[in-house]
Amino acid sequence: MSSENAGPAISTELLTRRFGSFTAVDHVSFSVARGEVVGYLGPNGSGKTTTIRMLCGLLTPTEGHAQVLGFDVAKQSEQIKARIGYMSQKFALYDDLTVRQNIEFYSGVYSVPRDIARVRFDQLIKMAGLEGRTEVLTASLSGGWRQRLALGCALVHEPKLLFLDEPTSGVDPVARREFWDLIYELAEKGATVFVTTHYMDEAERLSDRLIVLQSGKVRASGAARGVLGDVVGEHVVVLPTNAEGAEGIQTWLTARGLKASTVLASWHLPLDAAGLVAFVAAFPTLRYEVRIPTLDDLFLALAEERA
Ligand SMILES: Nc1ncnc2c1ncn2[C@@H]1O[C@H](COP(=O)(O)OP(=O)(O)OP(=O)(O)O)[C@@H](O)[C@H]1O
Ligand SMILES: [Mg+2]
């Protein structure tokens with residue numbers, strides 16, 4: 001069997017990209033199976049877009065290797081570009097073209113034969129819910145509609161692998177949900193989706209698996225719960241920074257090598273089971289909330305690590 005249709009959709013081995021003396025992506029190794037929906041997360045500047053650009057064959061790795069659909073990113077970028085869909089943070093839609101003309105333009109870029117392009121146009125418009133808007137100037141579309149059109153344009157050649165770099169930034173919650181419904185339809189039909197987002201609820205609920213980057217390195221990966229357990233711990237204790245009886249908390253934390261994040265006027269303390277028991281014993285009169293960690297807590301923990 002040719003490796004184009006077998007093996008993982010993406011595999012990277014010590015993939016590295018430097019800009020001058022700065023290392024943006026630092027020996028990153030992971031693998032994505034066909035049909036998986038993987039969330040690629042990390043704080044601003046952690047190297048997500050740089051990774052995706054290497055995987056799309058748009059940027060040469062400085063070191064290491066990556067294969068996409070069985071093709072080497074450094075040597076076979078043309079084969080990769082023809083087979084993947086890429087929706088970048090700033091997807092190029094032409095404002096002075098209509099919805100129809102934008103899709104036709106991308107069909108041309110991907111050399112989709114005319115008769116196939118005509119059939120697919122109708123399918124994409126239906127999928128993206130853009131019926132009745134095909135002759136509208138792209139400049140007049142709102143953010144949510146633009147995203148749908150951008151997704152439609154990224155799909156004109158029916159890619160089996162889709163890279164989405166913050167596809168829902170600046171889109172309202174309803175449009176975001178609808179956008180994700182579209183992504184899930186594609187995934188159910190067998191597409192592999194590699195997606196970055198800063199919307200933690202999306203990442204947590206919608207990805208099969210997460211890969212978390214910190215300063216260009218993979219910090220954690222796996223199902224959302226496991227990743228949260230690894231990086232944050234099992235519990236988060238939340239209390240106001242001026243809570244009565246909270247005076248000794250900083251000393252207590254420092255003694256255990258722990259650190260609280262401060263959000264607005266609250267402390268967020270990541271604790272494992274034993275830590276929680278000890279905390280309860282040490283501060284019997286304190287009022288606080290105990291909850292399970294979310295991906296927001298993960299990001300706070302990463303920020304603390306960096307500091
Ligand atoms: N062409 C370039 N030249 C120099 N530095 C670059 C270049 N591209 C990216 N970088 C740097 O590499 C680092 C990683 O950038 P990247 O865009 O991959 O981060 P990101 O995780 O996508 O961030 P964001 O969440 O803000 O989109 C940043 O410090 C960025 O300034
Ligand atoms: Mg980015």
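Because the structure is predicted, anything quoted here is derived from the model rather than measured. (Residues numbered from 1 in each chain as written. Chains lettered and ligands numbered in written order. Predicted model: local features only at pLDDT ≥ 70, side-chain atom pairs only at ≥ 80, totals over all residues. Heavy atoms only, no water.)

### Quick notes on the environment of L295
Moving on, step 1. Summarising the element assignment, L295 is placed in helix α11 (residues 295-306).
Moving on, step 2. Classification of L295 as buried rests on a relative accessible area of 0%.
Moving on, step 3. C-alpha separation for the pair L295 and R18, spaced 277 residues apart in sequence, amounts to 28 Å.
Moving on, step 4. In this view, L295 contacts L41, M200, A203, E204, L210 and L228; residues no more than four positions away in its chain are not counted. (Helix = DSSP H or I, 4+ residues; strand = E, 2+ residues; numbered from the N terminus. Buried < 20%, exposed > 50% of the residue type's maximum accessible area, 1.4 Å probe, protein only. Contact = heavy atoms within 4.5 Å.)

### A short note on the domain arrangement of the protein
Moving on, step 1. The domain boundaries assigned to the protein delineate domain 1 (10-227) and domain 2 (235-291).
Moving on, step 2. Centre-to-centre, using C-alpha coordinates, domain 1 lies 40 Å away from domain 2. (Domains from an automatic or database assignment.)

### Considering the pairing of strand β4 (residues 63-68)
Moving on, step 1. Where strand β1 (residues 10-19) and β4 come together, five bridges link them in antiparallel fashion. Within β4, the position partnered with S11 by the bridge is Q67.
Moving on, step 2. Once β4 ends, the chain turns through two residues before running back antiparallel as strand β5 (residues 71-72), passing L69 with a positive phi of about 50 degrees. (Pairing = 2+ DSSP bridges.)

### Some points on the layout of surface pockets
Moving on, step 1. Put simply, the largest pocket is a space of about 460 Å³.
Moving on, step 2. Lining of the largest pocket is provided by 18 residues; of these, L155, E158, P159, L186 and K189 occupy positions nearest its centre.
Moving on, step 3. Counting only elements with at least two residues in the lining of the largest pocket, the list comes to α4 (114-127) and α6 (173-188).
Moving on, step 4. With four residues, the single largest contributor to the lining of the largest pocket is α4.
Moving on, step 5. In the lining of the largest pocket, the residues fall into nine nonpolar, three polar and six charged.
Moving on, step 6. Taken as a whole, the second largest pocket encloses approximately 310 Å³ of empty space.
Moving on, step 7. Secondary structure elements with two or more residues in the lining of the second largest pocket: α2 (77-83), β6 (84-87) and α3 (99-109).
Moving on, step 8. Class assignment for the residues of the lining of the second largest pocket results in 11 nonpolar, one polar and one charged. (1 Å grid on protein atoms, 1.4 Å probe; cavity = no way out; pocket = protein on both sides within 12 Å on 5 of 7 lines; lining within 4 Å. Points joined across faces, edges and corners; volume = space filled by probe spheres on them. Nonpolar A, V, L, I, M, F, W, Y, C, P; charged D, E, K, R; others polar.)

### Quick notes on the site of ligand 1
Moving on, step 1. Taken together, 14 residues surround ligand 1, and among them G45, K48, T49, T50 and H198 come closest.
Moving on, step 2. S46 has a polar backbone atom sitting 3.2 Å from an oxygen atom of ligand 1.
Moving on, step 3. At 2.7 Å from an oxygen atom of ligand 1 is found a side-chain nitrogen or oxygen belonging to K48.
Moving on, step 4. For ligand 1, whose accessible area on its own is 640 Å², the fraction buried by protein is 62%.
Moving on, step 5. Of all elements in the fold, only β2 (22-32) and α1 (48-55) reach the threshold of two or more residues within the shell around ligand 1.
Moving on, step 6. In terms of residue count, α1 provides more of the shell around ligand 1 than any other element does, three residues in total.
Moving on, step 7. Considered class by class, the residues forming the shell around ligand 1 number four nonpolar, eight polar and two charged. (Near = heavy atom within 4 Å. Polar contact = N/O pair within 3.5 Å; in protein donor to acceptor, adjacent residues only side chain to side chain. Areas by Shrake-Rupley, 256 points an atom, 1.4 Å probe, with all protein chains shown as cover.)

### Considerations on a nonpolar patch on the surface
Moving on, step 1. A cluster of nonpolar residues, Y94, F105 and V109, forms a patch on the protein surface that exposes about 260 Å² of accessible area.
Moving on, step 2. Structurally, the position occupied by F105 is in helix α3. (Patch = residues over 30% accessible without salt bridge, like charges linked within 9 Å, V, L, I, M, F, W, Y side chains within 5 Å. Salt bridge = Lys/Arg side-chain N within 4 Å of Asp/Glu carboxyl O.)

### Some words on the pattern of salt bridges
Moving on, step 1. Counted by the stated rule, this structure contains 10 salt bridges.
Moving on, step 2. Between R100 and E135 there is a salt bridge, and its shortest N-O distance comes to 2.8 Å. Of the two residues, R100 is situated in helix α3 and E135 in the loop between α4 and α5 (143-154); the sequence distance between them amounts to 35 residues.
Moving on, step 3. The exposure class assigned to E135 is partly exposed, which follows from its relative accessible area of 49%.

### Regarding unusual backbone geometry
Moving on, step 1. Its identity as a non-glycine residue notwithstanding, H27 has a phi of 55 degrees, on the positive side.
Moving on, step 2. Following the sequence through the fold, H27 ends up in strand β2.
Moving on, step 3. Even without a glycine there, the phi angle at L264 is positive, about 50 degrees.
Moving on, step 4. Assignment of secondary structure puts L264 in the loop between β12 (261-263) and β13 (266-271).

### Here we look at the sheet that holds strand β11 (residues 235-240)
Moving on, step 1. Sheet architecture is open: four strands sit in the order β12-β13-β11-β14, paired in antiparallel fashion. The open sheet has two free edges, formed respectively by β12 and β14 (289-291), since each of these has just one partner strand. Averaged over all adjacent pairs, the angle separating strand axes in this sheet is 25 degrees, with direction ignored.
Moving on, step 2. This element, helix α10 (residues 273-282), spans β11, β13 and β14 of the sheet and lies at about 130 degrees to β13.
Moving on, step 3. Packing against the sheet, α11 makes contact with β11, β12, β13 and β14, and its axis sits at approximately 125 degrees to β12. (Axes fitted to C-alpha atoms, helices over the stretch in contact; angles between N-to-C directions.)

### Here we look at the packing of aromatic side chains
Moving on, step 1. Under the counting rule described, the total for this entry stands at 11 aromatic pairs.
Moving on, step 2. Between the aromatic rings of F105 and Y106, the centroid separation amounts to 5.2 Å while the plane-to-plane angle is 90 degrees, which identifies the pairing as edge-to-face.
Moving on, step 3. Through successive ring pairs, a cluster of aromatic residues spans F30, Y40, F163 and F194.
Moving on, step 4. Above the plane of the ring of W145 lies R133, whose end atom (NZ or CZ) is 3.9 Å from the centre. (Phe/Tyr/Trp six-rings, centres within 6.5 Å; stacked < 30°, edge-to-face > 60°. Lys NZ or Arg CZ within 6 Å of the ring centre and 35° of its normal.)

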